[in-house]
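Descriptive analysis of the structure
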Amino acid sequence: MAVFQGLSEKLQAITDRMRGKSRITESDLKEMMREIRLALLEADVHYQVVKDLTKEISEKSAGTEVMQSITPGQQIVKIVHDSLTEILGGSESKLAVSPKGFTVYMLYGLQGAGKTTTAAKLANYLKDQGKKPILTSVDVHRPAAADQLNILAKSIDVPCYINKEEKRAEVIAKEAMDRGRYLLADTLIVDTAGRMTIDEEMMTELKAIASAVKPDEKLLIVDAMIGQEAVNIALEFDREIGLDGFIMTKLDGDARGGAALSIRRITGKPIKLVGMGEKIDQLEVFHPERMASRILGMGDVLTLVEKASRQIDEEKAQKTLERLQKNRFTLQDMLEQLEQVRDMGSIQDMVSMLPGAGGKLKDAEVDEKEFDRLAAIIRSMTIRERENHKILNASRRRRIAAGSGTSIQDVNKLIRQYEQTQKIMKQFSGFGKKGGKRGLFSQFGL
Amino acid sequence: MSLFDKFRSGLSKTRQAVTEGFNRVAASFGVFDEDFLDELEMILIQADSGVQVATKLTDSIRERVRKEGKVDREYVLGTLKDDMLAILETKPFRPDFEHLNVVFILGVNGTGKTTTAGKLAASFQRQGIKTMLAAADTFRAAAIEQLQAWGERAGVPVISNTLRSDPASVVFDAMQSAKARGVKLLIIDTAGRLHNKPNLMSEMEKMHRVAAREGETVGAVIHNFLVLDATTGQNAVIQARAFNEVTTLDGLIITKLDGNAKGGIALAVVEDMDIPLVFAGLGEGIDDLAPFDAELFVDSLLPEA
Ligand SMILES: Nc1nc2c(ncn2[C@@H]2O[C@H](COP(=O)(O)OP(=O)(O)OP(=O)(O)O)[C@@H](O)[C@H]2O)c(=O)[nH]1
Ligand SMILES: Nc1nc2c(ncn2[C@@H]2O[C@H](COP(=O)(O)OP(=O)(O)OP(=O)(O)O)[C@@H](O)[C@H]2O)c(=O)[nH]1
Ligand SMILES: [Mg+2]
Ligand SMILES: [Mg+2]
């Protein structure tokens, strides 16, 4: 299962090859560093950052403790993971609030990064916290840019100031300030046009907007799919107009998002929030340790589990978790999940967070419409059958098909899907197994 | 600005960085040793070409230098250029306009699909090809208005429905209308969709089915173009694979080549998928689209000889 072959497995493979040797040699370590370097580069971490990091990690790993451990691969993964988490985390990442009572956030970034969507999400997020936000679009360049923000603002019932007659962005920004104060709003969110940092005219415009509204937070919106150029872009924006933090978008995709690491490290500015979908409520706080796992190709397993537990009741989530850890996932568990997912609505969002799961999911055909049918099939099974699918012989399958009003093929398909799911679950819990009794979740402090 | 200049200026920063790196390396080593090749590999990686392509290119240089014993700068650059050109595959979009041609503009969110659809429509309309646009992004706020604005600029009719309507039904309406009006080029702007969302991928499948079915009677030819943002990193390869799995891609369009981005990802994607590069997006204006020119692209990625 290549898609799940994260760094940990690769490193373990290297150490497995060395079995019998009493200790890891210099060249073994070198080979491991090569894998780490490759994993980071594949995740779009900037090459200079990769260079520095592998050096640091190599130094940390050279310590005897790692080398003498029976699972040096796992130990090194832990060192890498911890280093990444440390870089990604660190300083306070709350959004600043003006002591004067009127706070201004300015969003900027490259074309298509997700600024307008994020502006609306942010307004929604603040509104949920009892704030009184107002939005404004100062994008006088892209067709229908202001309409876009206006429609989004209406959908969340937040005021939005636009002025389509005005072509000077800074003038609109100033007017929006006045409107915001007049409406007794406490936060103004300024959505700007997309721009490249090499476009001098556009950078001048951005400076003019900034000096018109004096933002409390200047936030760079970064697409999670961005490549090596992320670092230069962040540095340029920071140099030209200043930068207080980042919001990373489109993390619901399967990009590893290595840029998060690079920009955090090179600019020293925090990642404040993340965009997890196109919908207006899909804005979340940033979790450094999850991002670290994601960059290393370990999947966003924790987000997945948290998301599930937020909607599924705690107790059941705990049970599932325990079962995952014990490597047991029965048809009964699957039924419970199906039932819960039925109201949760978006299993797709959840499963798609796993690296490479897009294709897998398609193979498994976890189609929401099919849920009821799948659930019906499991309900037609006896408890014993649910606990051990291996006893499902042909005559049992025939009975189940008849009982659930489906066909034998449907039943076979469900069992295949179950086996696939089980395999995926095994991958979760299998990680870290060789490192002793600690499962994936405990490894990450869960 | 000529097309060449556009490509050049778009990638000028890259060229500068690459040239600097190259000079530094060449000066410090003088000869081609492993350190030099490592450095060269890094330069390519920094342009988003991906480790695989970078390694392949440097391996090839290593091999040739070993065989032919030549180590001068011009030779190495020439080799690199040849190898890059061997990877890149381009194909001009010159369909038979006797029939109706349907172009699906596909891609993940924010890559430049709507803008590209607008520019494409303008370009073909100007060449006297009867062109039509269809607003099949019924999800994103003001996506329809955005395309309508482009339709106005391009002087091309836009078929649309309301927000949240079924995109496949927009395709259906557009096909009917295109057939009735004798349109030769129908460009369908679709919603941004992440390839790991099965529901969005099957929505795309459905649009295709409708277009194929409705186009059959008039022998319509369907073209699927994937729009990739030049700023994208290694995920672009996965995007191309995933889209190609659901619908056979006929070509790639790389946008935002006028910007910070180096667009080296084009090398990685074509190397992986063998799908030809068709157009390049070089700005936000109506004329900022050009047939993809591999020679110019490679030239602007490499240091001056
Ligand atoms: N899947 C996903 N899509 C997102 C997310 N954030 C934004 N998008 C989508 O990305 C595309 C671009 O978003 P916009 O908000 O228009 O981007 P922008 O930066 O304002 O674009 P310009 O103003 O044209 O520069 C749209 O299709 C959005 O729906 C996210 O977190 N996840
Ligand atoms: N500099 C530059 N900007 C571009 C280019 N192509 C598109 N853009 C800009 O990129 C942003 C996104 O473009 P859209 O055409 O809205 O992208 P899209 O793929 O339709 O976006 P969604 O429909 O939201 O997924 C806009 O600000 C465009 O003006 C290009 O070639 N160069
Ligand atoms: Mg915008
Ligand atoms: Mg669009």
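**Points about the site of ligand 1**
- Taken together, 22 residues are adjacent to ligand 1, and Gly114, Lys115, Thr116, Thr117 and Asp252 of chain A come closest.
- What surrounds ligand 1 is not a single chain but chains A and B.
- Residue glycine 112 of chain A places a main-chain N or O atom 2.9 Å away from an oxygen atom belonging to ligand 1.
- At 3.1 Å from an oxygen atom of ligand 1 is found a side-chain nitrogen or oxygen belonging to asparagine 109 of chain B.
- Contact with the protein chains hides 96% of the accessible area of ligand 1, taken as 650 Å² for the molecule alone.
- Residue contributions to the shell around ligand 1 peak at four residues, all from helix α6 (residues 115-128) of chain A.
- Its residues placed into classes, the shell around ligand 1 shows three nonpolar, 11 polar and eight charged.

**Things to note about the side chain of glutamine 111 of chain A**
- When you line up the elements, glutamine 111 of chain A lands in the loop between β1 (103-109) and α6.
- At 2.9 Å, the side chain of glutamine 111 of chain A and the side chain of glutamate 284 of chain B are in polar contact.
- In this structure glutamine 111 of chain A touches Gly194, Arg195 and Met196 of chain A together with Gly110, Asp229, Lys256 and Glu284 of chain B, once residues within four positions along its chain are discounted.

**Some words on helix α3 (residues 47-61) of chain A**
Residue and element names in this part refer to chain A.
- When the terminal C-alpha atoms of α3 are compared, their 20 Å separation across 15 residues agrees well with the 21 Å that a helix rising 1.5 Å per residue should span.
- Residues of α3 that are buried include every one of Tyr47, Val49, Val50, Leu53, Thr54, Ile57 and Ser61, and no others. The buried residues of α3 occupy an angular sector of 140 degrees when projected down its axis, which confines them to one face. Projecting away from the buried face of α3 at angles above 90 degrees are the exposed residues Lys55 and Glu59.

**Side note on the pattern of salt bridges**
- Counted by the stated rule, this structure contains 30 salt bridges over all chains.
- Salt-bridge contacts for arginine 37 of chain A lead to glutamate 41 of chain B; the nearest nitrogen and oxygen are separated by 3.6 Å. With arginine 37 of chain A in helix α2 (residues 26-42) and glutamate 41 of chain B in helix α3 (residues 34-46), the pair connects residues from two separate chains. Exposure class is identical for arginine 37 of chain A and glutamate 41 of chain B. Each is buried.
- When the shortest N-O distance is used, the salt bridge between glutamate 240 of chain A and arginine 239 of chain A registers 3.6 Å.
- Glutamate 240 of chain A gets classed as partly exposed once you look at its relative accessible area, which sits at 25%.
- Residues joined in a network through salt bridges with shared partners are Lys207, Glu236, Arg239 and Glu240 of chain A.

**Side note on the packing of aromatic side chains**
Residue and element names in this part refer to chain B.
- Counted by the stated rule, this structure contains seven aromatic pairs over all chains.
- Judged by centre distance (6.5 Å) and plane angle (75 degrees), the rings of phenylalanine 225 and phenylalanine 279 are edge-to-face. Highlighted residues: phenylalanine 225 in strand β5 (residues 221-229) and phenylalanine 279 in strand β7 (residues 277-281), separated in sequence by 54 residues. The burial state of phenylalanine 225 is the same as that of phenylalanine 279; both residues are buried.
- Here the aromatic residues Phe93, Phe97, Phe124, Phe225 and Phe279 are joined through ring pairs into a cluster of three or more.
- The residue whose ring lies beneath arginine 153 is tryptophan 150, and the NZ or CZ to ring-centre distance is 4.4 Å.

**What to know about the site of ligand 2**
- Taken together, the neighbourhood of ligand 2 is formed by 23 residues, with Lys113, Thr114, Thr115, Asp258 and Glu284 of chain B sitting nearest.
- The site occupied by ligand 2 is bordered by residues of chains A and B.
- Between ligand 2 and glutamine 146 of chain B there is a distance of 2.9 Å, counted from an oxygen atom to a side-chain nitrogen or oxygen.
- When ligand 2 sits alone it has 660 Å² of accessible area, and the protein chains cover 95% of it.
- Ranked by residue count, the leading element in the shell around ligand 2 is helix α6 (residues 113-126) of chain B, at four residues.
- Classifying every residue of the shell around ligand 2 by side-chain character gives two nonpolar, 13 polar and eight charged.

**A closer look at the pairing of strand β1 (residues 101-106) of chain B**
All names here are of chain B.
- Burial analysis of β1 places six of its six residues in the buried class, the great majority of the element.
- The alternating pattern of β1 places Asn101, Val103 and Ile105 and Val102, Phe104 and Leu106 on opposite faces, both of which are buried.
- Pairing between β1 and strand β4 (residues 185-190): five bridges, direction parallel. Looking across to β4, one finds that asparagine 101 is bridged to leucine 185.

Procedures and definitions
- Residues numbered from 1 in each chain as written.
- Chains lettered and ligands numbered in written order.
- Predicted model: local features only at pLDDT ≥ 70, side-chain atom pairs only at ≥ 80, totals over all residues.
- Heavy atoms only, no water.
- Near = heavy atom within 4 Å.
- Polar contact = N/O pair within 3.5 Å; in protein donor to acceptor, adjacent residues only side chain to side chain.
- Areas by Shrake-Rupley, 256 points an atom, 1.4 Å probe, with all protein chains shown as cover.
- Helix = DSSP H or I, 4+ residues; strand = E, 2+ residues; numbered from the N terminus.
- Nonpolar A, V, L, I, M, F, W, Y, C, P; charged D, E, K, R; others polar.
- Contact = heavy atoms within 4.5 Å.
- Expected span 1.5 Å × (residues − 1).
- Buried < 20%, exposed > 50% of the residue type's maximum accessible area, 1.4 Å probe, protein only.
- Arc of directions from axis to C-beta.
- Salt bridge = Lys/Arg side-chain N within 4 Å of Asp/Glu carboxyl O.
- Phe/Tyr/Trp six-rings, centres within 6.5 Å; stacked < 30°, edge-to-face > 60°.
- Lys NZ or Arg CZ within 6 Å of the ring centre and 35° of its normal.
- Pairing = 2+ DSSP bridges.

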